[in-house]
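Structure at a glance
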Amino acid sequence: MSLTPMLADWELPRVTRLETLETRDFLELPLPGRAGSLFQDLERRPARIIIEGSVFGSEAGLGLLNAVREHYGAGQPLTFVSDIVTGTDIQYVLLQQVHVQAEASAPDQIDYALWLIESPPPPPPGNILGGIDTSLLDQAAGLLDDAMGALDALQALGSMPELSDPTGPLTGILGDTAPAIGQLGSIGAGLRDLLE
């Protein structure tokens, strides 16, 4: 088995230990009167991978630190390839934790440990509206244009009279006809006297 894993396009140098941890969760359902329990499968948790290794030389150590910090700082899912994950569904991982150590007894050696956690693949970039039927948006925009056109037509007509009280313009006319209407009463009385 090869212990040369690839994290994105970066080959991890001088790996001395590679470990995976895969866990499945179960919910225990005890049954009264029975010796055993039933278990409900709650699916598996994301796999965890620990990679340990060493680099020698200050230049190689600086290159390792720069590469690790670049990937760690991005916080983006990275592709991961290794013989130890063959047969699993692990394609992408997140760099969860980084440990770098140097000792005075070996000043030319830098030891590192990386904790990776399985991540689902990033979603494909797509249209923000997705499969939404945009013809409704077009119809709504058409209705809005029609309403704005109607408002513009009303403004072009000028000021419109107040339609809430139709007797306003008639007030002056009724004032001039009041004496004539008052005389109709006396004429009606005179006609009644003639007819009796």
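Here the structure is shown first, and the text comes after it.
The rules we used
Residues numbered from 1 in each chain as written. Predicted model: local features only at pLDDT ≥ 70, side-chain atom pairs only at ≥ 80, totals over all residues. Heavy atoms only, no water. Pairing = 2+ DSSP bridges. Helix = DSSP H or I, 4+ residues; strand = E, 2+ residues; numbered from the N terminus. Core = buried A, V, L, I, M, F, W, Y, C linked by side-chain atoms within 4.5 Å. Buried < 20%, exposed > 50% of the residue type's maximum accessible area, 1.4 Å probe, protein only.

1. Looking at the sheet that holds strand S1 (residues 6–7)
- With respect to topology, seven strands assemble into an open sheet ordered S2-S1-S7-S8-S9-S6-S3, the strand pairing being antiparallel. Either end of the sheet is taken by a strand with one partner, and the two such strands are strand S2 (10–11) and strand S3 (15–21).
- Pairing between strand S8 (residues 92–103) and strand S9 (residues 106–119): eleven bridges, direction antiparallel. Bridge pairing in S9 places Ala102 opposite Ile110.

2. So, the nonpolar core
- Ranked by size, the top nonpolar core spans 21 residues in total, and within it Leu7, Trp10, Leu12, Ile49, Ile51 and Leu116 carry the most contacts.
- Counting residues per element, the ones that place at least two in this core are S3, strand S6 (48–56), helix H1 (58–74), strand S7 (78–81), S8 and S9.
- At four residues, the largest contribution of residues to this core is made by S9.

3. Some words on the pairing of strand S5 (residues 37–44)
- Across six bridges, strand S4 (residues 24–30) lies against S5 in antiparallel orientation. Of the residues in S5, the one forming a bridge with Leu27 is Gln40.
- Counting the residues in the hairpin turn of S4 and S5 gives six residues, including Gly33, whose phi is positive at 85°.

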